[in-house]
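Notes for the structure review
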Number of protein chains: 2
Amino acid sequence: MAPTAETLTAERILEATEEVLRRHGPAKATVVDVARALGVSHGTVYRHFRTKAALREAVTKRWLDRTSEALAGIAAGDRAPEERLRAWFTGLFEAKRRKAGGDPELFATYSVLTGENGAAVGEHIDDLTAQLTRIVRAGTDSGAFTAADPAATARALFHATGRFHDPCYAGEWQQPGIEDEFTAVLDLLLRGLRA
Amino acid sequence: MAPTAETLTAERILEATEEVLRRHGPAKATVVDVARALGVSHGTVYRHFRTKAALREAVTKRWLDRTSEALAGIAAGDRAPEERLRAWFTGLFEAKRRKAGGDPELFATYSVLTGENGAAVGEHIDDLTAQLTRIVRAGTDSGAFTAADPAATARALFHATGRFHDPCYAGEWQQPGIEDEFTAVLDLLLRGLRA
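Criteria and cut-off values
Residues numbered from 1 in each chain as written. Chains lettered and ligands numbered in written order. Predicted model: local features only at pLDDT ≥ 70, side-chain atom pairs only at ≥ 80, totals over all residues. Heavy atoms only, no water. Contact = heavy atoms within 4.5 Å. Buried area = accessible area lost by both parts, 1.4 Å probe. Salt bridge = Lys/Arg side-chain N within 4 Å of Asp/Glu carboxyl O. Polar contact = N/O pair within 3.5 Å; in protein donor to acceptor, adjacent residues only side chain to side chain. Helix = DSSP H or I, 4+ residues; strand = E, 2+ residues; numbered from the N terminus. Nonpolar A, V, L, I, M, F, W, Y, C, P; charged D, E, K, R; others polar. Disulfide = S-S within 2.5 Å. Buried < 20%, exposed > 50% of the residue type's maximum accessible area, 1.4 Å probe, protein only. Core = buried A, V, L, I, M, F, W, Y, C linked by side-chain atoms within 4.5 Å. Phe/Tyr/Trp six-rings, centres within 6.5 Å; stacked < 30°, edge-to-face > 60°. Lys NZ or Arg CZ within 6 Å of the ring centre and 35° of its normal. UniProt positions renumbered as here; feature names shortened; annotations may be inferred. Least-squares fit on C-alpha atoms with pLDDT ≥ 70 in both. pLDDT = per-residue confidence, 0-100. Domains from an automatic or database assignment. Expected span 1.5 Å × (residues − 1). Axes fitted to C-alpha atoms, helices over the stretch in contact; angles between N-to-C directions. Left-handed = near helix turned anticlockwise from the far one by under 90°.

1. Brief notes about the interface of chain A and chain B
With 19 residues of chain A in contact, the opposing surface of chain B contributes 19 residues. Ranking the residues of chain A by area buried against chain B places His159, Leu188 and Arg191 of chain A at the top, with a combined share of 36%. Linking chain A with chain B are 0 salt bridges, by the criterion used here. The interface formed by chain A and chain B contains 6 residue pairs in polar contact (both at pLDDT 80 or more). Secondary structure elements with two or more residues in the side of chain A that touches chain B: helix H8 (150-160) and helix H9 (178-193) of chain A. Sort the elements by how many residues they give to the side of chain A that touches chain B and H9 of chain A lands first, with 8 residues. Counted by class, the side of chain A that touches chain B contains 10 nonpolar, 4 polar and 5 charged residues.

Here is the structure:
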């Protein structure tokens, strides 16, 4: 049943937007397509998102948030800091690979959208490095890690592992040997962190 | 004075090819353009490079080799391994930044060419990681570093520093703070290497 202007939620619009982007591609998808998919007028969509740019930014943020939310639970967990850090990076790499390999067209679509929405990407990276900082700080508190500035160390860890989460490397993620490369980098970084 | 078929060297052709690529861009540059720039027939160019693809591959290799040759001296030096590793990565980052920032059009041209010539890029990365392996091995020999498999550790170091040499990050290399990010990553990796 088509939603009415009263029952239509922002989340429902974002779901439909993702579907429209998947079908038409980021260059051609319009707000009218989204409204048509929902069976409402485009004015109703604009009541939730004031501009096409705002709608695209919100759908990009939703896509990025899916990854951060999945990792927040690991960061907040009570496993030993080293084990937690390993689980967190493994989770990040797996989530990115799944997104890139499981639905390459949608991944390519979001690569265009993240290119347009630098602020949303910046916030996403801030979210992720804040989670990492929490783990590094747990390690310095327990005496397992040495890090004079946990936030700076968290950023260094994030930068040093770019090969395993930055979309510019998506083409490498299905290559043989990538798992060993991931483990070698993580082992070296963890050795560097240990007190 | 225009070279004759007898005095024309491969190096002279590659110089002219780079100039033609810079002027016409990688999509439009032809072997005829190169021959015209040299004042010879295109047959004379083909005597040195049998196909347009071979010429493009050779000019790509020459561009990549300029970086590896500049670093080879550092790798083969006799400074302490840790200092040598730091100088090597600093040299690599500086060379890449200079290439990207000093002549952005030529850098963009070579980004297209490296995309076409995966084998030349693979050899270049093998060259660089062989240099790194030499430094890591000097460190394990002297007892300064711990690394069970110096070649694997060299690859891990190369992968962990991609943000500071991989062309996909060229847009970040002039950002404020990038020097501190570089130092933070390198410090962490060196801590991980120390015996």
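Still more to cover.
2. Quick word on the state of the cysteines
Should the sulfur atoms of two cysteines be covalently bonded, the bond is a disulfide. A full pass over the atoms with the stated rule returns 1 disulfide over all chains. One disulfide in the model links Cys168 of chain A with Cys168 of chain B; its S-S distance is 2.3 Å. Taken together, the positions of Cys168 of chain A in the loop between H8 and H9 and Cys168 of chain B in the loop between helix H8 (150-160) and helix H9 (178-193) put the pair across two chains. Overall, the relative accessible area of 39% leaves Cys168 of chain B in the partly exposed class.

3. Some thoughts on the nonpolar core
As a rule of thumb, soluble globular proteins bury nonpolar side chains together. Among the nonpolar cores identified, the biggest contains 114 residues, and Trp88 of chain A together with Trp88 of chain B are the most heavily contacted of them. Excluding residues within four positions of it along the chain, Trp88 of chain B makes contact with Leu71, Ile74, Ala75, Leu128, Gln131, Leu132 and Ile135 of chain B.

4. A look at the packing of aromatic side chains
Residues and elements named next belong to chain A. For the structure on display, the rule yields 17 aromatic pairs over all chains. Each ring, one from Trp88 and one from Phe89, has its centre 5.1 Å from the other, and the planes form 90 degrees; the classification is edge-to-face. Across this residue pair, the class does not change: Trp88 and Phe89 are buried. Grouped by ring-pair contacts, the aromatic residues Trp63, Phe93, Phe107, Tyr110, Phe164, Trp173 and Phe182 constitute a single cluster. Sitting above the plane of the Phe93 ring, Arg97 keeps its charged end 4.7 Å from the centroid. The aromatic ring of Trp63 is capped on one face by Lys99, whose charged end is 3.9 Å from the ring centroid.

5. What to know about the UniProt feature "DNA-binding region" (unreviewed entry) in chain A
Per the UniProt record, "DNA-binding region" (unreviewed entry) is found at residues 30-49 of chain A. Helix makes up 75% of residues 30-49 of chain A and strand makes up 0%, while its end C-alpha atoms are separated by 13 Å.

6. What about the relation of the copies chain A and chain B?
Overlay of chain A on chain B (RMSD 0.0 Å): rotation 180 degrees, translation along the axis 0.0 Å. The two molecules are tied by a two-fold rotation axis, judged by turn and shift. No C-alpha of chain A lies nearer the rotation axis than that of Gly192 of chain A, which sits 1.7 Å from it. When the interface residues of chain A are mapped onto chain B, 100% of them again lie at the interface, so the same face is used by both copies.

7. Thoughts on the confidence of the model for chain A
Taken as a whole, chain A shows an average pLDDT of 94; of its residues, 98% reach a score of 70 or greater. In the model of chain A, helix H6 (residues 104-116) of chain A stands out as the element of lowest mean pLDDT, 91, in contrast to H8 of chain A, which has the highest, 98.

8. Some remarks on the domain arrangement of chain A
Residues and elements named next belong to chain A. Along its sequence, chain A is carved into domain 1 (10-50) and domain 2 (59-193). Measuring from the centre of the C-alpha atoms in domain 1 to the corresponding centre in domain 2 gives 30 Å. Tallying the contact residues gives 8 residues for domain 1 and 11 residues for domain 2. The junction of domain 1 with domain 2 conceals about 850 Å² of combined surface from both sides, 59% of it contributed by carbon and sulfur atoms. For domain 1, the biggest contributors to the area lost against domain 2 are Glu18, Arg22 and Pro26; these three give 60% of the whole. Counting every contact that joins domain 1 to domain 2 gives 4 salt bridges. The salt bridge partner of Glu11 is Arg62, with a shortest N-O separation of 3.0 Å. If you look at where domain 1 meets domain 2, you find 5 residue pairs in polar contact (both at pLDDT 80 or more).

9. What to know about helix H1 (residues 10-24) of chain A
Residue and element names in this part refer to chain A. For H1, spanning 15 residues, the distance from its first C-alpha to its last is 21 Å, which sits close to the expected 21 Å at 1.5 Å a residue. Where H1 is concerned, the buried positions are Ile13, Leu14, Ala16, Thr17, Glu18, Val20 and Leu21. Phi turns positive one or two residues past the end of H1, at Gly25, with a value near 85 degrees.

10. Re the packing of helix H1 (residues 10-24) of chain B against helix H2 (residues 31-38) of chain B
Residues and elements named next belong to chain B. Contact pair H1 / H2: the axes reach a minimum separation of 9 Å and the direction vectors enclose 115 degrees. As for how H1 packs across H2, the hand of that crossing is right-handed. Between H1, through Arg12, Ile13, Ala16, Thr17, Val20 and His24, and H2, the contact on the second element is made entirely by Asp33, Val34, Ala37 and Leu38.

11. What to know about the side chain of Arg62 of chain B
All names here are of chain B. Tracing the chain through its elements places Arg62 in helix H4 (residues 52-75). Owing to a relative accessible area of 18%, Arg62 belongs among the buried residues under this scheme. If we ignore the near neighbours within four places in the chain, the residues touching Arg62 are Glu11, Leu14, Glu15 and Glu18.

12. So, the UniProt feature "domain: HTH tetR-type" (unreviewed entry) in chain A
UniProt records the feature "domain: HTH tetR-type" (unreviewed entry) for residues 7-67 of chain A in the present numbering. As annotated, residues 7-67 of chain A comprises 75% helix and 0% strand, and the C-alpha atoms at either end are separated by 28 Å.

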